[in-house]
Amino acid sequence: MLFDVIVIGAGPAGAAAARTAASAGLRTALVDKARFPRDKLCGGGFTGRAARYYREIFETDLPETFDSKSAVTLYGFGEKLGVIEDIPPVYLTMRLSLDAHLVALALAAGAEDFTGTRIAELAPEAGRVTLAHGTRLEAPVVIGADGVTSATARALFGRPFDPARIGFALEAEGPALPADAPLRIDMGAANWGYGWSFPKSGSHTVGVGGVHSRNPDLKTIMRAYMADLDVPAETRVKGQYLPFGKARRAPGRDNVLLAGDAAWLVDPVTGEGIAYAMKSGQLAALAARDALARHEPDAALRLYRQRLRPILTAMRHANMVRLLLYWGPFKTGFVRAVRKSGHLRHDYMRLLGGEIEYPDLMRALVRRLPNYLMRALGSAKVQGDSP
Ligand SMILES: Cc1cc2nc3c(=O)[nH]c(=O)nc-3n(C[C@H](O)[C@H](O)[C@H](O)COP(=O)(O)OP(=O)(O)OC[C@H]3O[C@@H](n4cnc5c(N)ncnc54)[C@H](O)[C@@H]3O)c2cc1C
């Protein structure tokens, strides 16, 4: 079967790519080994940024099933830094329903449904995908939106991710908390990572995540975190890789584009991945459209890279902030600054809420941090603790 674009993976990145491609009039195949609704390990934190991208890409309002919170308790390395109220709303959802909803919107725009079928053979550069029941799909451009263990990235680069740099997260669904319970974010709950407590109607999602190689005892950290939050010890804990940190240098090759987790687009400070997945999926589809209009499918990666630049810049800035947060010589000064400065705490939440972007946060940091950093640098020995 011939298409203009094959999208592999129907999570937020793939659904956004398929929706955008189909809306642009491209014959689009949407492939996923899972049948929807399917679950995906995730806190389901859907920020103001995600809400903005969602409305832009899917051209509809947020589902009414979303919870919304406008207060958060912020912790840093076990120390309470403050409660922040009146933050821009952070929405909370369950991926079981969110992803099925996004797939339905992509199919409604005209993408053809090949979900629920395993891929038997994948040759992305040749523009060929053969499904387990024998159907062969062909297209000049392929978008790999198949998550952190991306088979498309493996086909291009030999492995889906660099094990030395990958993150890992553990998560559990505890019993529901009272309706007015705030969000809780714990910077430094894991080494080079964070913890989260997201109270939703019907459940309470709790998790910790950090750089995998620095957290050989993440299970112990998770058990302690659950105990702290009164989540019963017998609650089932699940784990998954988390592609945060430096985004992939080459988000694809020629006519093959990688989006979302497959391209390592999770913010290493806030853990936000859904927004960047949807946005990169949209940008990949637009790059595919433009490359096909020029009859140059191999130009797709170049065009995608240009469009992706603001997200790559955000990830680069996020890495710098991560260094300030977690690198030994800096972190004491940083935590002290955040505890003392209501502005910084608010800016962090505005960043999470999508009201400001990293360049704005960087400017606020530069204004407020120097004294603390100089003091911290003066007293600390540099121990080669960078990631
Ligand atoms: C524990 C945890 C908590 C998180 N919490 C948050 C949060 O609160 N907020 C937030 O914004 N982000 C969060 N993230 C990050 C977020 O989950 C991801 O960034 C986001 O899901 C990326 O979307 P995606 O579409 O790229 O990939 P995915 O959502 O992983 O979708 C990939 C799709 O590809 C399919 N697929 C995979 N392999 C194949 C194959 N070989 N053939 C066919 N199909 C395939 C899968 O079935 C899946 O449907 C969290 C991540 C983790 C691990």
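So, how was this worked out
- Residues numbered from 1 in each chain as written.
- Predicted model: local features only at pLDDT ≥ 70, side-chain atom pairs only at ≥ 80, totals over all residues.
- Heavy atoms only, no water.
- Helix = DSSP H or I, 4+ residues; strand = E, 2+ residues; numbered from the N terminus.
- Rg over C-alpha atoms; globule rule 2.2 N^0.38 Å.
- Buried < 20%, exposed > 50% of the residue type's maximum accessible area, 1.4 Å probe, protein only.
- Contact = heavy atoms within 4.5 Å.
- Areas by Shrake-Rupley, 256 points an atom, 1.4 Å probe, with all protein chains shown as cover.
- Lys, Arg positive; Asp, Glu negative; His and termini not counted.
- Charge placed at Lys NZ, Arg CZ, Asp CG, Glu CD.
- Phe/Tyr/Trp six-rings, centres within 6.5 Å; stacked < 30°, edge-to-face > 60°.
- Polar contact = N/O pair within 3.5 Å; in protein donor to acceptor, adjacent residues only side chain to side chain.
- Domains from an automatic or database assignment.
- Buried area = accessible area lost by both parts, 1.4 Å probe.
- Salt bridge = Lys/Arg side-chain N within 4 Å of Asp/Glu carboxyl O.
- Near = heavy atom within 4 Å.
- Nonpolar A, V, L, I, M, F, W, Y, C, P; charged D, E, K, R; others polar.
- Core = buried A, V, L, I, M, F, W, Y, C linked by side-chain atoms within 4.5 Å.
- Pairing = 2+ DSSP bridges.
- Axes fitted to C-alpha atoms, helices over the stretch in contact; angles between N-to-C directions.

Some thoughts on the overall build of the chain
Here is step 1 of the chain: Scanning the chain from N- to C-terminus turns up 11 helices and 17 strands.
Here is step 2 of the chain: On C-alpha atoms alone, the chain measures out to a radius of gyration of 21 Å, which is about the 21 Å that the 2.2 N^0.38 rule sets for 387 residues.
Here is step 3 of the chain: Projected onto the principal axes, the alpha-carbon positions of the chain cover approximately 65 × 40 × 35 Å.
Here is step 4 of the chain: Looking at the chain as a whole, 58% of its 387 residues qualify as buried.
Here is step 5 of the chain: Contacts in the chain between residues at least 24 apart in sequence constitute 70% of all its contacts with a sequence separation of at least 6.
Here is step 6 of the chain: In the form shown here, the chain has an accessible surface area of approximately 16,100 Å², with 51% of it arising from carbon and sulfur atoms.
Here is step 7 of the chain: Counting 49 positive and 39 negative side-chain charges, the chain places the centres of these two groups 7 Å from one another.

Overview of the packing of aromatic side chains
Here is step 1 of the chain: In total, this model carries 11 aromatic pairs according to the counting rule given.
Here is step 2 of the chain: Note on Trp 192 and Tyr 326: the rings are 6.0 Å apart at their centroids and 50 degrees apart in plane angle, and the pair reads as tilted. Taken together, the positions of Trp 192 in the loop between strand E12 (183-187) and strand E13 (193-200) and Tyr 326 in helix H7 (residues 300-326) put the pair 134 residues apart, joining distant regions of the chain.
Here is step 3 of the chain: Overall, Tyr 326 belongs to the buried group, its relative accessible area being 2%.

A closer look at the side chain of Arg 38
Here is step 1 of the chain: As for its position among the elements, Arg 38 is in the loop between strand E2 (28-32) and strand E3 (45-46).
Here is step 2 of the chain: Of note is the side chain of Arg 38, whose polar atom sits 2.8 Å from the side chain of Asp 99.
Here is step 3 of the chain: Once residues lying within four places of it in the same chain are set aside, the contact partners of Arg 38 are Gly 11, Arg 95, Leu 96 and Asp 99.

Details of the domain arrangement of the chain
Here is step 1 of the chain: Domain assignment breaks the chain into domain 1 (5-61 + 94-162 + 245-315), domain 2 (68-90 + 164-242) and domain 3 (317-379).
Here is step 2 of the chain: Listed by partner, the interface residues are 15 residues for domain 1 and 14 residues for domain 3.
Here is step 3 of the chain: Contact between domain 1 and domain 3 buries roughly 1,200 Å² in total, counting both sides, with carbon and sulfur atoms accounting for 50%.
Here is step 4 of the chain: The three residues of domain 1 that bury the most area against domain 3 are Arg 49, Val 269 and Thr 270, which together make up 41% of that side's buried surface.
Here is step 5 of the chain: Taken together, the connections running from domain 1 to domain 3 amount to 2 salt bridges.
Here is step 6 of the chain: Note that Arg 49 is salt-bridged to Glu 357, the shortest N-O span being 3.3 Å.

So, the site of the ligand
Here is step 1 of the chain: Around the ligand lies a shell of 37 residues, among which Asp 32, Gly 43, Gly 45, Arg 95 and Asp 261 are the nearest.
Here is step 2 of the chain: A distance of 3.2 Å separates a nitrogen atom of the ligand from a polar atom in the backbone of Lys 33.
Here is step 3 of the chain: For the ligand, whose free accessible area comes to 1,000 Å², the fraction covered by protein is 92%.
Here is step 4 of the chain: Of all the secondary-structure elements, those providing two or more residues to the shell around the ligand are helix H1 (12-23), strand E11 (167-174), E13, strand E15 (237-242) and helix H6 (274-293).
Here is step 5 of the chain: Looking at the shell around the ligand, the element that brings in the most residues is E15, giving 3 residues.
Here is step 6 of the chain: Partitioning the shell around the ligand into residue classes produces 18 nonpolar, 10 polar and 9 charged.
Here is step 7 of the chain: Two domains share the shell around the ligand, each providing at least three of its residues, namely domain 1 (5-61 + 94-162 + 245-315) and domain 2 (68-90 + 164-242).

Notes on the nonpolar core
The tendency in soluble globular proteins is for nonpolar side chains to be buried side by side.
Here is step 1 of the chain: The biggest cluster of nonpolar side chains holds 87 residues, and the ones touching the most others in it are Leu 74, Ile 143, Leu 257, Leu 265, Tyr 304, Tyr 358 and Leu 365.
Here is step 2 of the chain: Counting residues per element, this core draws most heavily on H7, which supplies 13 residues.
Here is step 3 of the chain: Dropping the residues within four chain positions of it, Tyr 304 is found in contact with Pro 251, Leu 257, Leu 258, Ala 259, Ser 280, Leu 283, Ala 284 and Ala 287.
Here is step 4 of the chain: Grouped together as the second largest cluster of nonpolar side chains are 18 residues, Phe 46, Ala 51, Leu 98 and Met 278 included.

Overview of the sheet that holds strand E8 (residues 128-131)
Here is step 1 of the chain: Taken together, the 3 strands give an open sheet; going across it, the order is E7-E8-E9, and neighbouring strands pair in antiparallel fashion. The open sheet has two free edges, formed respectively by strand E7 (119-123) and strand E9 (136-138), since each of these has just one partner strand. Looking at each pair of strands side by side, their axes are set apart by 15 degrees on average, direction ignored.
Here is step 2 of the chain: Here E8 pairs with E9 via 3 bridges, running antiparallel.

Observations regarding unusual backbone geometry
Here is step 1 of the chain: Of note, the bond from Phe 36 into Pro 37 is cis; its omega dihedral lies within 30 degrees of zero at 0 degrees.
Here is step 2 of the chain: Take Pro 37: it is sitting in the loop between E2 and E3.
Here is step 3 of the chain: Positive phi values are uncommon outside glycine, yet Glu 59 reaches one of about 55 degrees.
Here is step 4 of the chain: Of note, Glu 59 is situated in the loop between helix H2 (48-58) and strand E4 (67-76).

Remarks on the pattern of salt bridges
Here is step 1 of the chain: Under the definition given, this model contains 20 salt bridges.
Here is step 2 of the chain: In this structure, Glu 272 engages Arg 49 in a salt bridge whose closest nitrogen and oxygen atoms are separated by 2.7 Å. Of this pair, Glu 272 sits in the loop between strand E17 (256-258) and H6 while Arg 49 sits in helix H2, placing them 223 residues apart in sequence. Take Glu 272 and Arg 49: they sit in the same class, and that class is buried.

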